[in-house]
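Structural description and commentary
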Amino acid sequence: MRFSCTPRGARLARRLAGVRLDAWGWAYGTAAHDDVTLIVAELCANAVRHARVSGRDFRLDLGAHPAPGGRPIVLRVAVTDTVGERLPVTRPVRPLDETGRGLAIVAALAVRSGWQPREGGAPGKTVWAEYAAPVPS
């Protein structure tokens with residue numbers, strides 16, 4: 001899904017990801033739903049705050065894949081922006097910091113996370129995170 005690189009676009013991305021997770025069986029209010037929605041919110045907010053280019057969108061990819069052995073399911077969140085010069089940096093968070101916690105939150109919730117240059121040689125990067133979710137009942 002593509003969204004405008006604005007706070008409104010980030011909010012819509014978070015809401016639509018929540019709807020998709022619910023449709024896949026991870027109901028609102030479950031740990032998996034809330035955690036993955038928070039990961040989406042943080043990665044989209046970072047794209048809007050640190051990689052905004054007027055007239056360009058960001059892309060959200062959300063996928064569910066069986067883990068080796070079939071349990072748990074790996075939920076993968078990937079946010080692609082158009083700015084390759086500003087790379088994600090995780091830094092220690094001090095208790096009184098008012099900003100800079102997003103990637104630390106993502107790292108705490110995800111089983112794996114990272115970034116890669118945008119595919120096809122286009123300017124930008126993809127920041128991604130994988131979450132181990134129980135198989136929905």
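Look up: the structure comes first, before these words.
Residues numbered from 1 in each chain as written. Predicted model: local features only at pLDDT ≥ 70, side-chain atom pairs only at ≥ 80, totals over all residues. Heavy atoms only, no water.

1. Section: the overall build of the protein
As a reminder, the rule being used: Going along the chain from the N terminus, every DSSP run of H or I of four or more residues is numbered as a helix, and every run of E of two or more is numbered as a strand. Each residue gets one of three labels from its accessible area relative to the maximum for its type: buried under 20%, exposed over 50%, partly exposed in between, using a 1.4 Å probe on protein chains only. In what follows, a contact means two residues having at least one pair of non-hydrogen atoms within 4.5 Å. For this count, His and the chain ends are skipped, Lys and Arg are scored as positive, and Asp and Glu as negative. Here the site of a charge means atom NZ of a Lys, CZ of an Arg, CG of an Asp or CD of a Glu.
Along the protein, the regular secondary structure elements total three helices and five strands. Each helix (α) and strand (β) of the protein, taken in turn from the N terminus, gives the series β-α-α-β-β-α-β-β. If one aligns the C-alpha atoms of the protein with their principal axes, the spans along those axes are about 40 × 35 × 30 Å. A total of 137 residues make up the protein; the buried ones form 37% of that total. If you take every contact in the protein between residues at least 6 apart in sequence, the share linking residues at least 24 apart comes to 61%. If you average the places of the 19 positive and of the 12 negative side-chain charges in the protein, the two averages end up 4 Å apart.

2. Concerning helix H1 (residues 7-24)
Note the cut-off: Working rule for helices: expected span equals 1.5 Å times residues minus one.
Between its terminal C-alpha atoms H1 stretches 26 Å, which fits the 26 Å expected from 18 residues at 1.5 Å a residue. Here H1 has its buried residues at Gly9, Ala10, Ala13, Ala17, Gly18 and Leu21. In the core, the buried residues of H1 are packed alongside strand S1 (2-4), helix H2 (31-50), strand S2 (57-66) and strand S3 (73-81). Looking one or two residues beyond H1, the residue adopting positive phi is Gly25, at roughly 115 degrees.

3. Overview of the pattern of salt bridges
Any two side chains of opposite charge can pair, given that their charged atoms come close. Convention followed: When a carboxyl oxygen of Asp or Glu lies within 4 Å of a side-chain nitrogen of Lys or Arg, that pair is called a salt bridge.
For the structure on display, the rule yields five salt bridges. A salt bridge links Arg59 to Asp61, with the shortest nitrogen-to-oxygen separation between them at 2.9 Å. Exposure remark for Asp61: the relative accessible area of 32% places this residue in the partly exposed category. Residues joined by salt bridges that share partners form a network here, namely Arg76, Arg112 and Glu130.

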